[in-house]
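Each chain is listed here by its residues.
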Amino acid sequence: MSDQSTKESLVDKITNTATNQGVIIGVTIGAVAFVVIVIIIIIYCCCRKAERSCLKRSVRRMDTKFNKRKRELETQQQKRREELNQRHNEIRNKYGLATNTTAQSPKENIYTVENEQIDLSLR
């Protein structure tokens, strides 16, 4: 009997050892998988945050360029208006037309032609 009990205890030891090793291996694999999943989630969140901040920077940069271009165009338009008004004033002076500075409203366009008043208002 002792021989048979030794065999049984040896079989139990082998199965217990195999079961324990399986549990240890299973827990290790599960822990590694958990750590890998956590790392992937952290990287995903960080990249997403960085992408959003990069997008905001890009939008800010585009807005700055747009506003700069808009100011440049407004400056060019203002220069063109001044040149156009200057040419119109030269033409008025050439033909004896002068702007009346006592006009009440901007809609009244009163010009003088050799001491005669001409009313060009839109009444």
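Because the structure is a prediction, the values reported are computed rather than measured. (Residues numbered from 1 in each chain as written. Predicted model: local features only at pLDDT ≥ 70, side-chain atom pairs only at ≥ 80, totals over all residues. Heavy atoms only, no water.)

Visitor: Honestly, the overall build of the protein chain in this entry has me stumped. Any pointers?
Guide: The secondary structure content of the protein chain amounts to one helix and three strands. Ordering the α and β elements of the protein chain from the N terminus gives α-β-β-β. Per-residue burial over the protein chain gives 4% buried out of 123 residues. Partitioning the contacts of the protein chain with sequence separation of at least 6, the portion at a separation of at least 24 is 0%. (Helix = DSSP H or I, 4+ residues; strand = E, 2+ residues; numbered from the N terminus. Buried < 20%, exposed > 50% of the residue type's maximum accessible area, 1.4 Å probe, protein only. Contact = heavy atoms within 4.5 Å.)

Visitor: For this particular structure, what's the right way to read a nonpolar patch on the surface?
Guide: A cluster of nonpolar side chains, contributed by F34, V35, V38, I39, I42 and I43, occupies part of the molecular surface with about 550 Å² of accessible area. Tracing the chain through its elements places I43 in helix α1 (residues 2-94). (Patch = residues over 30% accessible without salt bridge, like charges linked within 9 Å, V, L, I, M, F, W, Y side chains within 5 Å. Areas by Shrake-Rupley, 256 points an atom, 1.4 Å probe, with all protein chains shown as cover. Salt bridge = Lys/Arg side-chain N within 4 Å of Asp/Glu carboxyl O.)

Visitor: What am I meant to see in the state of the cysteines here?
Guide: What makes a disulfide is a covalent bond joining the sulfur atoms belonging to two cysteines. Enumeration according to the criterion identifies zero disulfides in this entry. C45 takes part in no disulfide bond, and the closest cysteine sulfur to it belongs to C46, at a distance of 6.9 Å. We note that C46 lacks a disulfide partner, and the nearest cysteine sulfur, in C47, lies 6.9 Å from it. Its relative accessible area of 48% is what places C46 among the partly exposed residues. (Disulfide = S-S within 2.5 Å.)

Visitor: Can you walk me through the pattern of salt bridges in this structure?
Guide: Pairing is possible between side chains of opposite charge, provided their charged atoms come close. A complete count under the given rule lists one salt bridge for this structure. Salt-bridge contacts for E72 lead to R69; the nearest nitrogen and oxygen are separated by 3.7 Å. A residue pair is termed a helical-turn pair when its members lie 3 or 4 positions apart in one helix, as E72 and R69 do in helix α1 at three residues.

Visitor: I would appreciate a short explanation of a positive patch on the surface in the present structure.
Guide: Taken together, R48, K49, R52, K56, R57, R60, R61 and K65 make up a surface patch of like positive charges. The topology assignment puts K65 in helix α1. (Lys, Arg positive; Asp, Glu negative; His and termini not counted. Charge placed at Lys NZ, Arg CZ, Asp CG, Glu CD.)

Visitor: Just checking my understanding: could you explain the confidence of the model for the protein chain for this structure?
Guide: Any segment with low pLDDT has predicted coordinates that should not be analysed in fine detail. Predicted confidence across the protein chain gives a mean pLDDT of 78, with 67% of residues reaching 70 or more. Within the protein chain, the element-level pLDDT minimum falls on strand β2 (residues 110-113), averaging 54, and the maximum on α1, averaging 85. (pLDDT = per-residue confidence, 0-100.)

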